[in-house]
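# Tertiary structure, described
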Amino acid sequence: MGEEIKVIVFKLGSEEYGIEVDKVQTIERMLPITRVPKTYTFVRGVINLRGVVIPVIDLRGRFGLEEGEYTDQTRIIIVAVNDMEVGFIVDSANDVIDLHTDRIETPPEVVGGIKAKYLDGVAKIGDDRLLIMLNLAEVLNKSEIIQLESLEE
Amino acid sequence: MDMNQYLSMFIDESNDHLQSLNENMLLLEGSPSDLSIVQVIFRSAHTLKGMAATMGFEDLAALTHQMENVLDLVRNEKLAMQDFIFDTLFKGLDALESMVQDITEGGEGKADVSGIVASLQAIVRGEDLSAAGAGAEAKTSASDPSANTAIQLDEFQYSVLNQSIADGHRVLYVDVHIRENCQLKAVRAYMVFDLLERSGEVIKSSPSVQDIEQEKFEHSFSLYYITQMDPAELEQQILNVSEIDKVTVMELDQESLQQMNEMGMASQEAAAVAEAPSKEEAPETTATSAAPEQAVQKQAPQSSAAKTPAKSSGATPSRTIRVDIERLDVLMNLFSELLIDRVRLEQLASEVQNHALTETVEHMSRVSSDLQDIVMKLRMVPVDTVFNRFPRMIRDLAKSLDKKVDLIITGAETELDRTVIDEIGDPLVHLLRNAVDHGIEPIADRISAGKSETGTVNLRAFHSGNHVFIEIEEDGRGIYRENILKTALKKGVVTQDQAAAMSDDEVNQLLFAPGFSTAEKISDVSGRGVGLDVVKAKITSLGGQVTIYSTPGKGTNFSVQLPLTLSIIAAMMVKMGSEKYAIPLSSIVETAIVRKEQIRTVHGNKMVEFRGQHIPLISLSRIFNIKDFNENEENETEIIVIHKGERLAALAIDEFIGQNEIVLKGLGKYLPQIKGISGATILGDGQVALILDPNVFIR
C-alpha cells in the first residue's frame, strides 16, 4: 500500500524533478558562495546559512548536464540526508505537490540524460507533466564520486 | 518510578566517588595506619552504596556493602590493613568501575562479583579473627529487633547528646513499631525520619539509617533524637503516619542517658564475649605478620603520598553546578554568532564615522571580549580529570612488570578545553605505559647503573603562552640513537644515507613513524604494533605537537604541546585576488614584502632570503588555482613567513587584511578532507572564508 507524500518540485532545464519534503530543510535564493579549491568539479563552494557552513553543489554539474548562468529564478535547495547537509543549485523551485507513492513508476534507463540509479522513479502528474523523483542517498554517494574523479585524472 | 532523570546524576556522582575511592586507597596504601583516610574512604563507599541501592543497582550495592564491612573493621581498628586486603579492595573497585561503566553505556550494571564478595567476606570473618568476629556479630545483634532497647553510642554521639541536654534541648529516645502486615516498611520508616528531621535531629538509630532504607529491619527501630518538641506531641505526630503500630517516646536527662548508653555497651560486649573465645589464639600471628609488611610498604609509596599534598588539599569543596556539555556548546555557538556580528558592527561603524556609534561599538567589543574569556573558561576543565586515573594505572603497571615506580604529578590544576581533555586521555596513557615499560629499567639494571631502585615518572602540566604543555619525563635508560637507527633501517623506515644525515631530533622523531617499536621483547603493556604513531596522529589532529628530549642513560622527556582551545583562534586575514583566507597566527613568524629580483630559483623552486637563510616561496595561487591573482605579475610580493617546528617557508599572498579573532567551523560532512584547508570561518560581512593549514605546505 502506498501513501500520500509531499514533494518539492524543481526544474533543471525543461525537466521537472521532485524531492520528498521531509528531506528538504529550506529553499534559499542565491547566496554568496565561497569557492573551495581542490575538490569535486561540481562543488560550487560553501555558503553561510545562518551561521552554519554548508557545501553547495551544482546539480546540473553533478548530473553531467551543461551548466547555465544563474538567474533570479535560481534557488539553493538545502537537503539533509544521512547527517549530511548539502545545498543543490537548481534552475527554479516553485511548487509543492501531493503525490501518491503508488503513482511512482520504475524509471527507464535514462531520463533527461540522468542515469537511472540516481532516480527513485517517475510519476505522471497532470496531463502531460512527468515528475522525476531523485534518489538523494545515491546523488550524495561519495564513494562513487571518488571513482568518477579518479577516472577523469 | 522513572529513574532516568536521576541516572546521569547518579553516574556522575558514582564516578566521582569511585575516583575518590581510588585516590584515597592509594594514599592509604602509602600510610596504612592513617585512620582519617579510612574515614574518607568509608564515607565515599557508604554514599555510593546508598545511591546504588536507591537506583536499584543491587549488585553494585551488594559489593559496596561488603567492601564497607571490611572498611568498617579497619576504621574501628579491629583490622589492620594488609597487602592482600588492599588487593582485594582494589579488585572490588575495578569491578565497581566496570559496573558503573556498564550502566553508563545503558546496561543494567550487573556483574558476577561473587568471587570478590567471598574474599571480602573471608577477610571480615576469618582473617582477622577475634576482633572482627566480635565486631561483626555485635553489629548484627544490634540490628536484631530483640536488641532494640540498647543502642550503643560512640563517644562523639554521646557527648553531643550530653551537651544538648546541658543546653536545654530535649533528648528523646524513640521506639517505633510498624505494623507487621505493612508492605512498604522502609517507606513508613522514611516518613517517620522525614517527620523527625523537620523539627530536630536524629543522632543515632538502630538499625542504622541505611539498613532501614534497604528494609534490613524487622518491624521496629529505635533512635536518639534532639528536638524542642513536646514528647507527647511527637508521639501523636508519629502515630499519624499510616501503618505505625506503636510509638514510645522517652525523654532522657543526663543520668538516664548514661544508663542507656551503658546498657548499649553491655549488650555489645556480651555479644562479643559470646563469640570471641573460640577464636582467641589467632590474632597474635596475624598481627605479627602484618607488621613487617606494613613497614615495607611504607617506604615506597609514602614518598609519593608526601609529594602530592597539594592535591588532597585542593579537594576542598567548591561551589559548582553541573551543566550538560551540550548546553555549553550551544552557548559557544551563540557566542560565535555574536562575535561575527561584532566584527560586522565594527566594520559598519568605521564606515559611518559616527562618533557615538563608534564609542558604543568599542564598548560592546570590550564587553564581548570579556564575555569570550568567560565562555572559554566555562569549557575549561582541569587536566586532573584525566590525570587522576594515572596513579592507580602506574601502580598496577609497575607491579605487573616487577618494577618500582613513583609517579609525581604536578600542575594537575592546569586547565584545558573540554574537547581536548576528552581526546588526550588515550595518548597520555600510551606515553605513560611506554615510560614505565620501555623507559624505566628493571630494578637490577637500575642498581647496576648506580640509580636508585625506584624509578621516577614526572607528569607535568603547565601553561605557556597560548598553549598547554604536558610532559612525561622519566629517569630511565634514555634513547640511544644507534638503537633507533638500527631498528629503523631493519624495518625500512629510512635508508642508510638518510640515517647518516639525520640530526638527533630527527632520529627521535623516527619513534613516531608507523610500525616502529624499539622494545626487543613484546610485552602485553606496550609494543603491540600500534604505537607512538597513533599517539602522534591523535595529538596532531588536536592541533598539538610532540617533542622528545632524551639523554642516554639519564632518561627521556616526551613533551606534548596542546592548544588552549579548539574553537576560537587568532588569525591573519589575507586577500588572494577576490578570495579571502585566514591563516592561524600561531604558525606565522612574520610578514614582509619582497621585490621580484629578491626571489631566486634553485632547482626550479622559488626561494627567498629570510634572516640569512633561504626558505622556499610557496605559491598559494597556483596550489589553489586562484584565477584572479598571480604573484609572478607583481613587482613586489607580500609574503607571510610560516613555521612548522624549526622549519620555515614563505607564502606569497596578494594583500593583508588584518588580524582577527575567528570562529572555527567545519566545511560540512559532504566534502572530503582538503589538503591545506583546515576549516572555514564566517566573516563580518556574512561571507565564508577558508582557513589555511600552513603545516601542510612545509614538508
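Only a predicted model underlies this, so the values are computations on that prediction, with no experimental measurement involved.

Reading the values: rules and limits
Residues numbered from 1 in each chain as written. Chains lettered and ligands numbered in written order. Predicted model: local features only at pLDDT ≥ 70, side-chain atom pairs only at ≥ 80, totals over all residues. Helix = DSSP H or I, 4+ residues; strand = E, 2+ residues; numbered from the N terminus. Buried ≥ 20, exposed ≤ 12 C-beta atoms within 10 Å, placed from the backbone. Contact = placed C-beta atoms within 7 Å. Nonpolar A, V, L, I, M, F, W, Y, C, P; charged D, E, K, R; others polar. Pairing = 2+ DSSP bridges. Expected span 1.5 Å × (residues − 1). Axes fitted to C-alpha atoms, helices over the stretch in contact; angles between N-to-C directions. pLDDT = per-residue confidence, 0-100.

### Regarding the overall build of chain B
Scanning chain B from terminus to terminus reveals 24 helices and 22 strands. Considering chain B as a whole, with its 699 residues, one finds that 34% of them fall into the buried category. Restricting the contact set of chain B to residue pairs at least 6 apart, pairs at least 24 apart contribute 69%.

### A short note on the interface of chain A and chain B
Counting residues at the interface gives 20 residues for chain A, matched by 20 residues for chain B. Elements supplying a minimum of two residues to the side of chain A that touches chain B: strand E4 (43–49), strand E5 (52–58) and strand E7 (84–90) of chain A. At 4 residues, the largest contribution of residues to the side of chain A that touches chain B is made by E4(A). Of the residues belonging to the side of chain A that touches chain B, the class tally is 12 nonpolar, 4 polar and 4 charged.

### Re the environment of Gly115(B)
Mapped onto the elements of the fold, Gly115(B) is located in helix H5 (residues 114–127). A sequence separation of 23 residues divides Gly115(B) from Gly92(B), and the C-alpha atoms of the two residues are 9.7 Å apart.

### Examining the sheet that holds strand E2 (residues 15–20) of chain A
All names here are of chain A. Spatially, 6 strands are ordered E8-E1-E2-E13-E12-E9 in an open sheet, and the strand pairing comes out mixed. Of all the strands in the sheet, just strand E8 (92–100) and strand E9 (104–105) have a single pairing partner and so form its edges. Relative to strand E13 (residues 129–134), E2 is paired through 3 bridges, and the arrangement is parallel. Bridge pairing links Gly18 to Met133 in E13.

### Describing helix H17 (residues 390–401) of chain B
All names here are of chain B. Here H17 is 12 residues long and its end C-alpha atoms lie 16 Å apart, about the 16 Å a rise of 1.5 Å per residue gives. Buried residues of H17: Phe390, Pro391, Ile394, Arg395, Leu397 and Ala398, and no others. Of the residues one or two after H17, Asp402 is the one with positive phi, at around 60 degrees.

### A look at the sheet that holds strand E6 (residues 405–410) of chain B
Residues and elements named next belong to chain B. Spatial ordering of the open sheet is given by E6-E8-E9-E11-E10, a layout of 5 strands whose pairing is mixed. Here the strands that pair on one side only, and so sit at the sheet edges, are E6 and strand E10 (545–551). With strand direction ignored, the average angle separating the axes of adjacent strands in the sheet is 15 degrees. As defined by bridge partners, strand E8 (residues 455–464) adjoins strand E9 (residues 467–474) across 8 bridges and the pair is classed as antiparallel. Paired with Leu459 across the bridge in E9 is Ile472. Lying over the sheet, H17 contacts E6 and E8, oriented at roughly 165 degrees with respect to E6. Sheet contacts for helix H18 (residues 418–439): E6, E8, E9 and strand E11 (555–563); angle to E9, the most-contacted strand, approximately 20 degrees.

### Section: the pairing of strand E21 (residues 677–682) of chain B
All names here are of chain B. With 5 of its 6 residues buried, E21 lies for the most part within the structure. Examined bridge by bridge, E21 and strand E22 (residues 688–692) share 5 bridges and lie antiparallel to one another. When the bridges of E22 are listed, Ile682 appears paired with Val688. From the end of E21 to the start of E22, which pair antiparallel, there are 5 residues, and Gly686 there has a positive phi angle of about 90 degrees.

### Some details on the confidence of the model for chain B
All names here are of chain B. Summing up the model confidence of chain B, the mean pLDDT is 77 and the portion of residues at 70 or higher is 84%. Low pLDDT (under 50) marks residues 128–149, which in the prediction has 56 contacts with non-local residues, meaning those over four places away or in another chain. Confidence over residues 519–529 falls short of pLDDT 50; this stretch has 16 contacts with residues more than four positions distant or in other chains. Interface confidence for the predicted complex, given as ipTM, is 0.86, next to a pTM of 0.49.

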